[in-house]
4 protein chains.
Amino acid sequence: MSSPTIHGIIGYTITPFSADGSSLDLDALGRSIDRLIDSGVHAISPLGSTGEGAYLSDAEWDEVSAYSIHRVAKRVPTIVSVSDLTTAKAVRRARFAEAEGADVVMVLPTSYWKLTEAQILAHYGAIGDSVGVPIMLYNNPATSGTDMSVELILRIVNSVDNVTMVKESTGDIQRMHQLYRQGEGQVPFYNGCNPLALEAFAAGAKGWCTAAPNVIPQLNLDLYQAVLANDLNRARELFYRQLPVLDFILKGGLPATIKAGLRMTGLEVGDPRLPVFPLDMAGQAQLQKLLTLLR
Amino acid sequence: MSSPTIHGIIGYTITPFSADGSSLDLDALGRSIDRLIDSGVHAISPLGSTGEGAYLSDAEWDEVSAYSIHRVAKRVPTIVSVSDLTTAKAVRRARFAEAEGADVVMVLPTSYWKLTEAQILAHYGAIGDSVGVPIMLYNNPATSGTDMSVELILRIVNSVDNVTMVKESTGDIQRMHQLYRQGEGQVPFYNGCNPLALEAFAAGAKGWCTAAPNVIPQLNLDLYQAVLANDLNRARELFYRQLPVLDFILKGGLPATIKAGLRMTGLEVGDPRLPVFPLDMAGQAQLQKLLTLLR
Amino acid sequence: MSSPTIHGIIGYTITPFSADGSSLDLDALGRSIDRLIDSGVHAISPLGSTGEGAYLSDAEWDEVSAYSIHRVAKRVPTIVSVSDLTTAKAVRRARFAEAEGADVVMVLPTSYWKLTEAQILAHYGAIGDSVGVPIMLYNNPATSGTDMSVELILRIVNSVDNVTMVKESTGDIQRMHQLYRQGEGQVPFYNGCNPLALEAFAAGAKGWCTAAPNVIPQLNLDLYQAVLANDLNRARELFYRQLPVLDFILKGGLPATIKAGLRMTGLEVGDPRLPVFPLDMAGQAQLQKLLTLLR
Amino acid sequence: MSSPTIHGIIGYTITPFSADGSSLDLDALGRSIDRLIDSGVHAISPLGSTGEGAYLSDAEWDEVSAYSIHRVAKRVPTIVSVSDLTTAKAVRRARFAEAEGADVVMVLPTSYWKLTEAQILAHYGAIGDSVGVPIMLYNNPATSGTDMSVELILRIVNSVDNVTMVKESTGDIQRMHQLYRQGEGQVPFYNGCNPLALEAFAAGAKGWCTAAPNVIPQLNLDLYQAVLANDLNRARELFYRQLPVLDFILKGGLPATIKAGLRMTGLEVGDPRLPVFPLDMAGQAQLQKLLTLLR
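Residues numbered from 1 in each chain as written. Chains lettered and ligands numbered in written order. Predicted model: local features only at pLDDT ≥ 70, side-chain atom pairs only at ≥ 80, totals over all residues. Heavy atoms only, no water.

Describing the overall build of chain A
Scanning chain A for helices and strands turns up 12 helices and 8 strands. A compact globule built from 295 residues should have a C-alpha radius of gyration of about 19 Å, and chain A, at 18 Å, falls within 12% of that. With respect to the three principal axes, the spread of C-alpha positions in chain A is 50 × 45 × 35 Å. Chain A carries 24 positive and 30 negative side-chain charges, and their two centres are separated by 3 Å. (Helix = DSSP H or I, 4+ residues; strand = E, 2+ residues; numbered from the N terminus. Rg over C-alpha atoms; globule rule 2.2 N^0.38 Å. Lys, Arg positive; Asp, Glu negative; His and termini not counted. Charge placed at Lys NZ, Arg CZ, Asp CG, Glu CD.)

Some points on the confidence of the model for chain A
When pLDDT is averaged across chain A, the result is 96; 99% of the residues are at 70 or more. As scored by the predictor, the complex reaches a pTM of 0.96 and an ipTM of 0.96. (pLDDT = per-residue confidence, 0-100.)

Here we look at helix α12 (residues 281-293) of chain D
Residues separated by three or four positions in an α-helix point in the same direction, a consequence of the helix having 3.6 residues per turn. Residue and element names in this part refer to chain D. Over its 13 residues, α12 runs 18 Å from end to end, which matches the ideal 18 Å to within 8%, given 1.5 Å per residue. All of the buried residues along α12 are Gly283, Leu287, Leu290 and Leu291. Burial along α12 is one-sided: seen end-on, the buried residues are contained in an arc of 95°. Among the exposed residues of α12, those pointing more than 90 degrees away from its buried face are Met281, Ala282, Lys289 and Leu293. Where α12 is buried, its residues meet α10 (232-252) and α11 (254-264). (Expected span 1.5 Å × (residues − 1). Buried < 20%, exposed > 50% of the residue type's maximum accessible area, 1.4 Å probe, protein only. Arc of directions from axis to C-beta. Contact = heavy atoms within 4.5 Å.)

A short note on the relation of the copies chain B and chain A
Note on the copies: chain B fits chain A at an RMSD of 0.0 Å, the axial shift is 0.0 Å, and the rotation between them is 180°. Such values leave the two copies arranged in the relation of a two-fold axis. Taking C-alpha positions as reference, the residue of chain B nearest the rotation axis is glycine 145 of chain B, located at 3.6 Å. A symmetric contact is evident, with 100% of the interface residues of chain B recurring at the interface of chain A. (Least-squares fit on C-alpha atoms with pLDDT ≥ 70 in both.)

Let's talk about the interface of chain C and chain B
Counting from both sides, the interface comprises 27 residues of chain C and, opposite them, 27 residues of chain B. Around 2,300 Å² of area is buried between chain C and chain B when both sides are counted, 54% of it from carbon and sulfur atoms. Of all residues in chain C, the largest losses of buried area upon contact with chain B belong to Asn230, Leu232 and Tyr240 of chain C, amounting jointly to 27% of the total for that side. Remark: the boundary between chain C and chain B carries 2 salt bridges. Two residues, aspartate 247 of chain C and arginine 181 of chain B, come together in a salt bridge whose shortest N-O distance is 2.7 Å. Remark: the boundary between chain C and chain B carries 22 residue pairs in polar contact (both at pLDDT 80 or more). (Buried area = accessible area lost by both parts, 1.4 Å probe. Salt bridge = Lys/Arg side-chain N within 4 Å of Asp/Glu carboxyl O. Polar contact = N/O pair within 3.5 Å; in protein donor to acceptor, adjacent residues only side chain to side chain.)

Quick notes on the UniProt feature "active site" (unreviewed entry) in chain A
All names here are of chain A. If you check UniProt for "active site" (unreviewed entry), the listed places come out as Tyr138 and Lys167 in our numbering. Over a stretch of 30 residues, the named residues converge on one spot in the fold, their C-alpha atoms separated by at most 4.7 Å. Position of tyrosine 138 among the secondary structure elements: in strand β5 (residues 135-139). In this view, tyrosine 138 contacts Ser49, Met106, Val107, Leu108, Pro109, Tyr124, Met148, Lys167 and Ser169; residues no more than four positions away in its chain are not counted. For lysine 167, the position within the fold is in strand β6 (residues 163-168). The exposure class of lysine 167 is buried, given its relative accessible area of 2%. The residues touching lysine 167, leaving out its near neighbours within four places in the chain, are Tyr12, Met106, Met136, Leu137, Tyr138, Asn139, Tyr190, Gly192 and Cys209. (UniProt positions renumbered as here; feature names shortened; annotations may be inferred.)

Points about empty space enclosed by the protein
Residues and elements named next belong to chain B. This model, assessed by the stated rule, comprises 2 cavities of 30 Å³ or more. In this structure, the largest cavity spans a volume of roughly 40 Å³. Broken down by element, the lining of the largest cavity gets its largest block of residues, 4 residues, from helix α11 (residues 254-264). The class makeup of the residues in the lining of the largest cavity is 5 nonpolar, 2 polar and 3 charged. When its volume is computed, the second largest cavity comes out at roughly 30 Å³. (1 Å grid on protein atoms, 1.4 Å probe; cavity = no way out; pocket = protein on both sides within 12 Å on 5 of 7 lines; lining within 4 Å. Points joined across faces, edges and corners; volume = space filled by probe spheres on them. Nonpolar A, V, L, I, M, F, W, Y, C, P; charged D, E, K, R; others polar.)

A short note on the relation of the copies chain C and chain B
Superposing chain C onto chain B requires a rotation of 180° together with a translation of 0.0 Å along the rotation axis, leaving an RMSD of 0.0 Å. A shared interface surface links the copies, since 100% of the contact residues of chain C are contact residues in chain B too.

Thoughts on the sheet that holds strand β8 (residues 207-210) of chain C
All names here are of chain C. Strand order in the open sheet formed by 8 strands is β2-β1-β8-β7-β6-β5-β4-β3, with parallel pairing between adjacent strands. At either end of the open sheet lies a strand with only one pairing partner, and these are β2 (43-45) and β3 (79-81). Averaged over all pairs of adjacent strands, the angle between their axes in this sheet comes to 30°, without regard to strand direction. Pairing of strand β5 (residues 135-139) with strand β6 (residues 163-168) involves 5 bridges; the strand directions are parallel. (Pairing = 2+ DSSP bridges. Axes fitted to C-alpha atoms, helices over the stretch in contact; angles between N-to-C directions.)

Some points on the arrangement of the chains
Between chain A and chain C there is no contact, and the shortest C-alpha to C-alpha distance separating them is 20 Å. Here chain B and chain D are not in contact; the least distance found between their C-alpha atoms is 20 Å.

Side note on the side chain of asparagine 194 of chain B
All names here are of chain B. Position of asparagine 194 among the secondary structure elements: in the loop between β7 (189-191) and α8 (197-202). Within the local environment of asparagine 194, its side chain forms a polar contact with the side chain of threonine 210, the two groups lying 2.7 Å apart. Leaving out residues up to four positions away in the same chain, asparagine 194 has contacts with Trp208, Thr210, Phe239, Leu246, Ile249 and Leu254.

Section: the interface of chain B and chain A
Listed as interface residues are 28 residues of chain B and, on the opposing side, 28 residues of chain A. Buried surface at the junction of chain B and chain A, both sides included, amounts to about 2,600 Å², of which 69% is carbon and sulfur. Applying the counting criterion to the chain B and chain A interface returns 0 salt bridges. The tally of links between chain B and chain A comes to 10 residue pairs in polar contact (both at pLDDT 80 or more). Those elements that provide at least two residues to the side of chain B that touches chain A are α3 (87-100), α4 (117-130) and α11 of chain B. Ranked by the residues each element gives to the side of chain B that touches chain A, the list is headed by α4 of chain B, at 4 residues. In the side of chain B that touches chain A, the residues fall into 16 nonpolar, 10 polar and 2 charged.

Focus on the pairing of strand β4 (residues 104-107) of chain C
Residues and elements named next belong to chain C. Neither face of β4 is open: one carries Val104 and Met106, the other Val105 and Val107, and all of them are buried. Inspection of the sheet shows β3 paired to β4 by 3 bridges, in the parallel sense. In the strand pairing of β4, valine 80 is matched with valine 105. One crossover worth recording links β3 to the parallel β4 by way of helix α3 (residues 87-100), and it is right-handed. One ladder, built from 3 bridges, connects β4 with β5; its direction is parallel. Looking across to β5, one finds that valine 107 is bridged to leucine 137. Read as a crossover between parallel neighbours, the route from β4 over helix α4 (residues 117-130) to β5 is right-handed. (Right-handed = clockwise from strand over helix to strand, strands pointing away.)

Focus: the UniProt feature "binding site: pyruvate" (unreviewed entry) in chain A
The UniProt record annotates "binding site: pyruvate" (unreviewed entry) at Thr50 of chain A. On the accessibility criterion, threonine 50 of chain A (2% relative accessible area) is buried. Ignoring any residue separated from it by four or fewer positions in sequence, one finds threonine 50 of chain A in contact with Tyr12, Thr13, Ile14, Ala211, Leu254 and Pro255 of chain A together with Trp113 of chain B.

What follows is the structure, encoded as structure tokens:
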């Protein structure tokens, strides 16, 4: 199928809450989206892990989804994460996002009961049958509890027409090598593991899905430009410059660290929902120091 | 705090759905509960993993919770699983269950973002502050993604007054040994891993939380009786007799296998919700064979 | 084949060294063997993990092997660990031990390069063809780097005539269940994981291979007697009494802790060979305290 | 300390045996060394994993070590793996290699009993005190059973003067990032995981220790040259060209596949020692095909 050319730096949005965590702050969401686009990211991805999609009620999810798509307003492509525990609910979300104007939907096979390969394939098939937009298959065993082998991923890509892109977040570069080898270089893959950014590009990733542009957009973009310019030495240097921040936001948890980082730059987006804690004082000081060093 | 004496065979209920999976079948739920109680189980636990609690909408969850508690009607204690991703939602469920008459609530620290020990402790603390009934702490990293160490579990037991019982489902018997050693024999623990039933009782577990009584109640009860009678040889023999069924339902997935098993005995409870598949023909034949051998 | 009836408490011997670690102290070895036999163990097993077999030169290995067998002098059966990295060297050791009078040889598939199932099977086959005594197959992935599945173990038992016993040291009780189920109760299995002693006997293990009788023989023997007497309550109580020592010697490393324990009781056996350290002062104090509590 | 500049492609040698595996074939070893040097590798490393060092008797080890060093004859630096289970034996080997003229010794903390950090540090310290040549610390948990953290590695580098280089074979690129970050770019690191060759160079590795030059030296050298030329696109293309061979030799086991590969090119070096099997017919056909494709 014809699909939008997704590439480069794909920025994750957070989901801002009111001070007590009970309601959404859509105005802050809009400003965070504008910032990302103004900084130069190549696509916007709402409601992913960083966006605390799993912690929203269905009504909230719909609201954030619709608002984000309309706010982006085709300035760049919007990739909406529509994962849900049951196939019926994931289908509903995918249809909703498409109806609101999403360019791509991203699907992680979240599970409570461990899924068989046939069940995962059927899950993608049902979503694929329900929408016309391209689907980015997302593999992230650390959050989903399901690890899809490269063989399974390619089986899904080959049997579900609109699964046309793969986001790999195991952090194991060999998965990308195998996607390249077994997919004969025809399946575009994207990196979802921040500290693997340099090597994923070296291995041929078409893009990097990351929450980092909320705090250090220029360094993320420069790394991608260095790779496009075939300048490995500069890419390596840029990568090591930003690695302390990438390590920090991964280790501290993306919603907590990114929300703290946005607050430091004057954009109040509230705290993550409990049981996730906001970044503590020591963490805030460390993040502030890391960001200051990069200026 | 004074707490009901929970011990013995604690039977999990399934959640019956209509043929197309879209609605609840409370009448079938009621009959499955009556069967379990008539067979002699010592407590009933709705909405756990077997009960597909994670796959229900909030409204459905409330309906199943209230209906189950009222149907049990204090014939035996009811232990309701109230786990949810956010602390606010888990608190709401715990309060709801208590208001409807639950004797105990069970709490698994489900997570999307990996939780720190402080976050887990605060989560239990918030739920503990919200209800007056005892809480059974539940550790099951395979489904929750969070593995609580024995040290953390005891820290929670010691700091949250109404966390008075521990359900261990790692399948690692050493956890029970350490609960016993470090808890100085004062913290009642329960086994949630079916193929560990014999050894958990040998190690001093007070009860066995299991879906198996839906299909082989007498063997489950006999094993417990043999342990109470201090008859290790008979307990071993009974365990190995039922082990093929225990292995089968674990490997095949509890909702799929238990629902198939109930159907075989004339109680139609529908299928699990997709993406989980119902038991396939080969699995049904194997289960039928295993059950026939035990008659 | 007809085989000696190996059962009960199978005591591991340490290998005593001179003060500087450079030479063997056979006299001390002899006294440690006599102690074990006098305490009532049902079999003696030299040159296992506890015996630092891997840290000896070939000449030392031969000396310890011959000396141990002759010192036991058929008072109880002797089970000699003959594992080595190459098949040729393991065959040589097995033949040597048999020639010196070993009743059983124990074989762990040690490896540097990861072995395939066919390679492991051929290794056991070659040793089996070379000796007439029974072979105890030993599975211990933590030290050997090779984890044999139950299916592979039974394939070896079925195809190599004199592999007639299985020692399981994964610490996973389900392996024993599967050995029992798939072996139809016909393959005698032995436990090699100290903190699993109670549950392994509950699951039907015929014996317990352990270094513990060097320091607490009576408690080990009493546990076995309680199991034979079908007294689960007493077995549980005895197990929890000795568990602190079992946990301690496992965690501290068997050669270091057992050698320290023997020294405390007046039998000087030297230290483990470097890079393994002798038990430090804090560890010695803790072990002394644990042993004192049991008197 | 002043140390030879080790960089680039560091070729591992195999250890040739006679047809029945019982004796060494030093003549074939000499020819395999000459081939590697003639092909352009930047250093030679005998007696590593590929060299079946663990499967040799002490006398054989000495013979291979001395012969290799003399045959290389300073045409390129020689890095001899001197790992052994006891500290005393590793020290002996290190001294022997130094006396024979080795430029560097490589040390993997092989273990039977799991080593503590203090024990590992003492082991490196003892070897460091015994020789004057630089030591390449080698981390490879898959074969040694010991995984050294980056913190421990840097502690060793900082406290043992002649540990000046680190070879990382976990296959986890994040280890190299952390070595770079925490070592402030001052600790040269080398890659020992073949399918990580591209990314290790991207991350700043100074060299690649590999058995591949025995069969595809030019592709290995070209990849290194492309990295030196800062040509990422060419490096990526060269990497993916040779990846099928790199994957194959890793999966099939280095001694078996490399010995088969040498035989295909007319250099008979015998088979690996049992229990390791030589490459089977299907594997030989596959390797032949892969190599033919690269011509």
